[in-house]
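Here is what each chain is made of, one letter per residue.
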Amino acid sequence: MTAAPTTPDLTEPAVLSRARTQVLENGEGLSYEDLVEVLRLPDEHVPALLGLAHDVRMRHCGPEVEVEGIISLKTGGCPEDCHFCSQSGQFTSPVRSVWLDIPQLVQAAKETAETGATEFCIVAAVRGPDERLMSQVRDGVKAIHDAVDINVACSLGMLTQEQVDELAAIGVHRYNHNLEAAKSYFPSVVTTHSYEERWETCQMVRDAGMELCCGGLVGMGETLEQRAELASQLAELDPHEVPLNFLNPRPGTPFGDLSTMDAQDALRTIAAFRLAMPRTILRYAGGRELTLGDLGTREGLLGGVNAIIVGNYLTTLGRDPDEDLALLSELKMPIRELAKTL
């Protein structure tokens, strides 16, 4: 959607005026201190904030929206204790270990391509891939490439250098490995591995030439300052894509009793992440339906988001893909054409 650029308001907060020059005009992300200020803006300034974030997205990324589908190769039974995740084998949440076979993967990739998606992501709930999983991924990526014209991404946990090199060699287009939370809050979210371990995998992926997809979750009890910290740390890592997840509290997990994030806070967060990373693909990921609903989903797409996961997530239901595609059409946001880069 091509909207007329927003113009400065004499009464607008100073941080928005700074962002208009620094981010919109010069393409430089906001500092941590300014991001904290953005996240503290009163509700009456949220429309102007979203308008500015949309202008930044249009100027530095363009109008296209990237659409992706995901599927889990191995669901549940993960040995890690990520407190938000019902796939952990350490909690009483109901997701049990399930493996998909290659024909199911190929069929899912075909169905994803039929929605217009340009990316298909294979996900496994593991600390890192063992040889059995690497073998399945190897066969699965080849079978998908043979059958479907779609980019293949993977999310398989923490990697060794050898595994990074192999994934790049077999044609994995992009690797997803979220930071999950700000470094200062990470020990409150995960105790079975460290923030530094996740960061190391991300760096190896980038150095190997794969696109890096790295984001996190918000609404997990972190402070506004820690939310801004996460955005700043992601900006430092400079991933190609940042999936922004909103906590969907899952029964049986340590975060299962937390309240859903306030919708206005979620919109402020979307805009803040865009102003931190003006040229990055910012993707709607898990929890948006519950946190934002239909109206909020629309506002986020007009507030800095330029990518979306269609269909269901790993353990939770998403919106009907046709609803999201209809919304993109209504907003006159073209779906990015498939562009093979390998």
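Preceding this section is the structure that the text describes.
Everything in this summary refers to the structure shown in the same document. Here the structure is a predicted model, which is why all the values come from computation and not from measurement. (Residues numbered from 1 in each chain as written. Predicted model: local features only at pLDDT ≥ 70, side-chain atom pairs only at ≥ 80, totals over all residues. Heavy atoms only, no water.)

Some words on helix 5 (residues 131-147)
Since the α-helix packs 3.6 residues into each turn, any two residues three or four apart lie on the same face.
Turning to step 1, where the next piece is worked out: Between the first and last C-alpha of helix 5 there are 24 Å, a value that for 17 residues agrees with the 24 Å anticipated at 1.5 Å per step.
Turning to step 2, where the next piece is worked out: Inspection of helix 5 places Leu-133, Met-134, Gln-136, Val-137, Gly-140, Val-141 and Ile-144 among the buried residues, and these make up the whole buried set. When helix 5 is viewed along its axis, its buried side chains cluster within an angular range of 155° and face the same direction. Seen from the buried face of helix 5, the exposed residues on the opposite side, beyond 90 degrees, are Glu-131, Arg-132, Lys-142 and Asp-146.
Turning to step 3, where the next piece is worked out: Regarding helix 5, its N-cap is Asp-130, as a side-chain oxygen of that residue lies 3.3 Å from the backbone nitrogen of Arg-132 further along. (Helix = DSSP H or I, 4+ residues; strand = E, 2+ residues; numbered from the N terminus. Expected span 1.5 Å × (residues − 1). Buried < 20%, exposed > 50% of the residue type's maximum accessible area, 1.4 Å probe, protein only. Arc of directions from axis to C-beta. Polar contact = N/O pair within 3.5 Å; in protein donor to acceptor, adjacent residues only side chain to side chain.)

Thoughts on the packing of helix 3 (residues 46-60) against helix 9 (residues 263-276)
A packed helix pair is summarised by two numbers, namely the angle formed by the two axes and the spacing between the axes.
Turning to step 1, where the next piece is worked out: It is the contact of helix 3 with helix 9, at a shortest axis distance of 9 Å, that shows an interaxial angle of 35°. When you trace helix 3 past helix 9, the crossing you get is left-handed. In contact with Val-46, Leu-49, Leu-50, Leu-52, Ala-53, Val-56 and Arg-57 of helix 3, helix 9 contributes Gln-264, Leu-267, Arg-268, Ala-271, Arg-274 and Leu-275. (Axes fitted to C-alpha atoms, helices over the stretch in contact; angles between N-to-C directions. Left-handed = near helix turned anticlockwise from the far one by under 90°. Contact = heavy atoms within 4.5 Å.)

Observations concerning the packing of aromatic side chains
Turning to step 1, where the next piece is worked out: Tallied over the entire structure, the rule returns two aromatic pairs.
Turning to step 2, where the next piece is worked out: Plain terms: the ring middles of Phe-186 and Tyr-195 are 5.9 Å apart, the flat faces sit at 80° to each other, and that makes the pair edge-to-face.
Turning to step 3, where the next piece is worked out: Note on Tyr-195: relative accessible area 6%, which makes it buried.
Turning to step 4, where the next piece is worked out: Connected via pairs of aromatic rings, a cluster forms that spans Phe-186, Tyr-195 and Trp-199. (Phe/Tyr/Trp six-rings, centres within 6.5 Å; stacked < 30°, edge-to-face > 60°.)

What to know about helix 3
Turning to step 1, where the next piece is worked out: Look at helix 3: 21 Å from first C-alpha to last across 15 residues, which is about the 21 Å you get at 1.5 Å a residue.
Turning to step 2, where the next piece is worked out: Helix 3 sits mainly inside the fold: twelve of its 15 residues count as buried.
Turning to step 3, where the next piece is worked out: Those residues of helix 3 lying buried are Val-46, Leu-49, Leu-50, Gly-51, Leu-52, Ala-53, His-54, Asp-55, Val-56, Arg-57, Met-58 and His-60.
Turning to step 4, where the next piece is worked out: Positive backbone phi, at 90°, marks Gly-62, one or two positions downstream of helix 3.

Structural notes on the pattern of salt bridges
Turning to step 1, where the next piece is worked out: Taken as a whole, this structure holds 19 salt bridges when the rule is applied.
Turning to step 2, where the next piece is worked out: Among the ionic pairs, Arg-18 bridges to Asp-34, the shortest N-O distance being 2.7 Å. Of this pair, Arg-18 sits in helix 1 (residues 14-25) while Asp-34 sits in helix 2 (residues 32-39), placing them 16 residues apart in sequence.
Turning to step 3, where the next piece is worked out: Given a relative accessible area of 10%, Asp-34 falls into the buried group. (Salt bridge = Lys/Arg side-chain N within 4 Å of Asp/Glu carboxyl O.)

Here's the deal with the pairing of strand 4 (residues 151-155)
Regular strands show a simple pattern: their side chains alternate between the two faces of the sheet.
Turning to step 1, where the next piece is worked out: Among the five residues of strand 4, five are classified as buried, and the element is accordingly described as predominantly covered.
Turning to step 2, where the next piece is worked out: Every second residue of strand 4 is oriented toward a common face, with Asn-151, Ala-153 and Ser-155 on one face and Val-152 and Cys-154 on the other, all of them buried.
Turning to step 3, where the next piece is worked out: Direction of pairing for strand 3 (residues 119-124) relative to strand 4: parallel, over a ladder of five bridges. Along strand 4, the bridge assignment pairs Glu-119 with Asn-151.
Turning to step 4, where the next piece is worked out: Considered for its hand, the β-α-β crossover made up of strand 3, helix 5 and strand 4 is right-handed.
Turning to step 5, where the next piece is worked out: Of the strand pairs in this sheet, strand 4 and strand 5 (residues 174-176) are connected by two bridges, and their pairing is parallel. The partner of Ala-153 across the bridge, within strand 5, is Arg-174.
Turning to step 6, where the next piece is worked out: Regarding the hand of the β-α-β motif, the stretch spanning strand 4, helix 6 (residues 161-169) and strand 5 is right-handed. (Pairing = 2+ DSSP bridges. Right-handed = clockwise from strand over helix to strand, strands pointing away.)

Structural notes on the pairing of strand 9 (residues 281-284)
Turning to step 1, where the next piece is worked out: Residue alternation in strand 9 divides its side chains into two sets, Ile-281 and Arg-283 and Leu-282 and Tyr-284, and both sets are buried.
Turning to step 2, where the next piece is worked out: In this sheet, strand 9 lies alongside strand 8 (residues 241-246) in parallel orientation, the contact comprising four bridges. Its bridge partner lying in strand 9, Pro-243 is registered against Arg-283.
Turning to step 3, where the next piece is worked out: Each parallel crossover has a hand, and the one from strand 8 via helix 9 to strand 9 is right-handed.
Turning to step 4, where the next piece is worked out: Note: strand 9 against strand 10 (residues 307-309), two bridges, orientation parallel. Counterpart to Arg-283 in the pairing with strand 10 is Ala-307.

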